[in-house]
Protein chains: 2
Amino acid sequence: MTRVQDRSLRIAVLGAGVVGTEVIRSLVTQEGDLSARVGSGLELIGVAVRDTSAPRDSVIDPALLTSDAGSLVDRADLVVELMGGLEPARTLILRAFAAGASVVTANKALVAAHGPELYEAAEAAGADLYFEAAVAGAIPVVRALRESLAGDEISRVLGIVNGTTNYILDEMTTAGLAFDVALGQAQELGYAEADPTADVEGHDAAAKAAIIASLAFHTRIPLSAVACEGISAVTKEDVAAAAESGHVIKLLAIVENTAGGVQARVHPALVPTGHPLAGVHGAFNAVFVESESAGELMFYGRGAGGRPTASAVLGDVVAAARHRVHGGLAPAESAYAGLAAAPSADALTRLQIRLYVADRPGVLAQVASVVAKHGVSIEAVRQSDTAQASQRDAAELIIITHRARQADLDATVADLAELDSVTEVASVLRVIGI
Amino acid sequence: MTRVQDRSLRIAVLGAGVVGTEVIRSLVTQEGDLSARVGSGLELIGVAVRDTSAPRDSVIDPALLTSDAGSLVDRADLVVELMGGLEPARTLILRAFAAGASVVTANKALVAAHGPELYEAAEAAGADLYFEAAVAGAIPVVRALRESLAGDEISRVLGIVNGTTNYILDEMTTAGLAFDVALGQAQELGYAEADPTADVEGHDAAAKAAIIASLAFHTRIPLSAVACEGISAVTKEDVAAAAESGHVIKLLAIVENTAGGVQARVHPALVPTGHPLAGVHGAFNAVFVESESAGELMFYGRGAGGRPTASAVLGDVVAAARHRVHGGLAPAESAYAGLAAAPSADALTRLQIRLYVADRPGVLAQVASVVAKHGVSIEAVRQSDTAQASQRDAAELIIITHRARQADLDATVADLAELDSVTEVASVLRVIGI
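Residues numbered from 1 in each chain as written. Chains lettered and ligands numbered in written order. Predicted model: local features only at pLDDT ≥ 70, side-chain atom pairs only at ≥ 80, totals over all residues. Heavy atoms only, no water.

> What am I meant to see in the sheet that holds strand β3 (residues 65–66) of chain B here?
Residue and element names in this part refer to chain B. Reading across from one edge, β3-β2-β1-β4-β5-β6 is the order of the six strands in this open sheet, with parallel pairing throughout. With one partner strand each, in any of the chains shown, β3 and β6 (129–130) form the two edges of the open sheet. Summarising the sheet, strand β2 (residues 42–48) and β3 pair through two bridges and their orientation is parallel. By the bridge assignment, Ala-48 is partnered in β3 with Thr-66. Sheet contacts for helix α4 (residues 89–98): β1 (9–14), β4 (78–81), β5 (102–105) and β6; angle to β5, the most-contacted strand, approximately 150 degrees. (Pairing = 2+ DSSP bridges. Helix = DSSP H or I, 4+ residues; strand = E, 2+ residues; numbered from the N terminus. Contact = heavy atoms within 4.5 Å. Axes fitted to C-alpha atoms, helices over the stretch in contact; angles between N-to-C directions.)

> Is there a simple way to think about the packing of aromatic side chains in this case?
Working definition: an aromatic ring pair is given by the centre-to-centre distance plus the angle between the planes. Residue and element names in this part refer to chain A. Inspection of the entire model under this criterion finds seven aromatic pairs over all chains. With centroids separated by 4.9 Å and ring planes inclined at 5 degrees, the aromatic side chains of Phe-284 and Tyr-300 adopt a geometry described as stacked. Of this pair, Phe-284 sits in strand β11 (residues 284–291) while Tyr-300 sits in strand β12 (residues 295–302), and the two are 16 residues apart along the sequence. Residue Tyr-300 is classed as buried on the basis of its relative accessible area, which comes to 7%. (Phe/Tyr/Trp six-rings, centres within 6.5 Å; stacked < 30°, edge-to-face > 60°. Buried < 20%, exposed > 50% of the residue type's maximum accessible area, 1.4 Å probe, protein only.)

> Would you take a moment to explain the pattern of salt bridges for this structure?
It is possible for side chains of opposite charge to pair when their charged atoms get near one another. Enumeration according to the criterion identifies 51 salt bridges over all chains in this entry. Residue Asp-204 of chain B pairs with Lys-108 of chain B through a salt bridge whose shortest N-O separation is 3.2 Å. Highlighted residues: Asp-204 of chain B in helix α11 (residues 203–216) and Lys-108 of chain B in helix α5 (residues 108–125), separated in sequence by 96 residues. With a relative accessible area of 27%, Lys-108 of chain B lands in the partly exposed category. Within the structure, one salt-bridge network assembled from shared partners comprises Glu-132, Arg-143, Glu-147 and Asp-316 of chain A together with Arg-143, Glu-147 and Asp-316 of chain B. (Salt bridge = Lys/Arg side-chain N within 4 Å of Asp/Glu carboxyl O.)

> Whenever I open this one, the interface of chain B and chain A confuses me. Can you help?
Between chain B and chain A, the residue contacts involve 46 residues of the former and 46 residues of the latter. For the chain B and chain A pair, buried surface summed over both sides reaches about 3,900 Å², with 49% attributable to carbon and sulfur atoms. Taken together, chain B and chain A are joined by 16 residue pairs in polar contact (both at pLDDT 80 or more). Of all elements in the fold, only α2 (31–38), α7 (141–148), β11 (284–291), β12 (295–302) and α13 (306–326) of chain B reach the threshold of two or more residues within the side of chain B that touches chain A. Note that β12 of chain A and β12 of chain B share three bridges and pair antiparallel. Opposite Tyr-300 of chain A, over in β12 of chain B, you have Met-298 of chain B as the bridge partner. (Buried area = accessible area lost by both parts, 1.4 Å probe. Polar contact = N/O pair within 3.5 Å; in protein donor to acceptor, adjacent residues only side chain to side chain.)

The quantities given are spatial measurements derived from coordinates; they are silent on function.
Structure, rendered in structure tokens:
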């Protein structure tokens, strides 16, 4: 890496949205502190925006605005990419590396989709790629996985990495709201967007799962390898049934190192109330890491928002800038290979299956024999007399299974749905152990 | 820093106790992985021990053992100090820096007592000093404070940094045990030592508070500036009274940036049950950080034990080793100065005061007027009819104050103790807000 020692470090910021504005505010107002931490002056040389005439926060000097991001990148030692989206962000980052600059980005979609290409370009250029803010906002989980746990072996990571869905599920749990009502409330409060699909269907969490899997296991897990299921089908009844067996429902990003390879998936799951993840309320995020030596670790904080995201970006800016001044390089991800993504059919999990069944003798025996046929064993079964069930002139049967292969569990559920005595498979949710 | 590129990096381990043995086990069994992460071979050149003939784990090659730690240090690129205690650890670390080696240590007593001297020696030598394992075992809080939050401003850190006392208080809370019984249980399970003073009286936590304060505020807070109070006076009745107002009692290391300077203290405190720290059970540790931009962050995990501590040490070894190979330097702590320790009399806090008072009209008015005299206002007051109180032919009065200066609160308590109508000030505990 080219070391910069005789002049200030030139920083280009791409994008001046909420996060960009907060990053610029810190660069301007904390310049003295940041320079001391880096060991060099920091000069903001420009801010690339689409429309230079749009109104901006007064902290942004209008003379710094430019719509020519490419030329700006060419003059920088350090490029802070906060535009979002795949293009032109990808092209600009590759251009930055080609010019020898280091890059800090908060762009989860880009890192999930093009991480390997970006890592390789950084390495070829001897430059840094930092992306702490791309995974869980202010929570320093990328640094923990890349650096703190570099001498350990991670077995599984469970993450609540989407604040919108955690807020919705938390309101459903604590206030007994229906999904639609909780979503509406989240939209009113600004926690959910007008089109909530990316959050609610788990796509945002899946991008983060792909990044976490790649970091945790030093491998390349493409977004397409992440099995993804959102929370729009989760009902009040599911939440109530979970509570009865001592669980809360959370949308989890789960990545795990199994005998067959790396499993990466996003789905709602029953989490025991005693588990640290069960206590993560509102729009907070948390990432729970299980590793060989360290045991269980959890990182908790705000996963979104302008200022928290800016905090993570600035930590990366200081790290990348220190490398330009003192030498050094962020840990290379492309140095590793090996682990491949495993088919999700092979994932081992437990299920809570909620059924409406005919209210007559012998039904439980029928159900139990279908479950047993697939080699799945039952941990607990209970029958509730809910209002929903009596409306349907049926009984509600809630089965929790022991651990089994996802494929066997899926086949079990399909066969249960075929039984005459089963009126409806009301819901199927995975269950996490302590 | 001298870069090592044409040969393996020479690592010396000082001490082969529980942590040392686990670190050596990882260096030996994961050599390939660690080398790939560092980008260089890693050669364990020796293990310094007091008695080379004592029996050791088979993972330690007897030929590597030496009682001449000084000569070993002189031949190393990287020294891993796991002896504990102030001397000879301090002298050996200074000797390592003088020879240009980098140092990883898990020695909290040493870093708390001689941190500034060690930082300066490292900086003068252009070498690294890493000490992740000195604060909260496997929890990467040092890296978070030094690096992730380098572009943020920390206002307060609340830490459960001693597993022994957390286990004892958790048992008192969840199983209703008395302090002595819970301590005995902790000793049986190996969570507490035969002489539990260092843990129970808060000395261990105070050393960690001094380190956290220095890192969080980039300043030098000596151990002597940490006001320290342990948990041996906490009773079952205190725990029950706290529960009645929705709190649990935790031993906290608290460091905060106040108008008057840095406050650093360790004491038992009432934590609201909804606070993330309240959910930290058993011997687990957690560090809760409040910062300007990131907001609230929490880091949770195992604060002690051979393998968790070894995980943190190895993360540091990889970081320091990467710097020897690729260049670069850990953030210097001596680059900052400024904030001074503030007198603990000026700390702002809230109190829960538990009194036994004469059971007659007018007592509450008397008590309230004493509190008001010191400019302290009362948030809540309640009277309980406990068995303890009726035994004493008294009423139990529990007062929770609003925030006030520690000195005014102390004066309030002293005056309350003088009142004729107050039989006894049963306990005084600080209360943390959400």
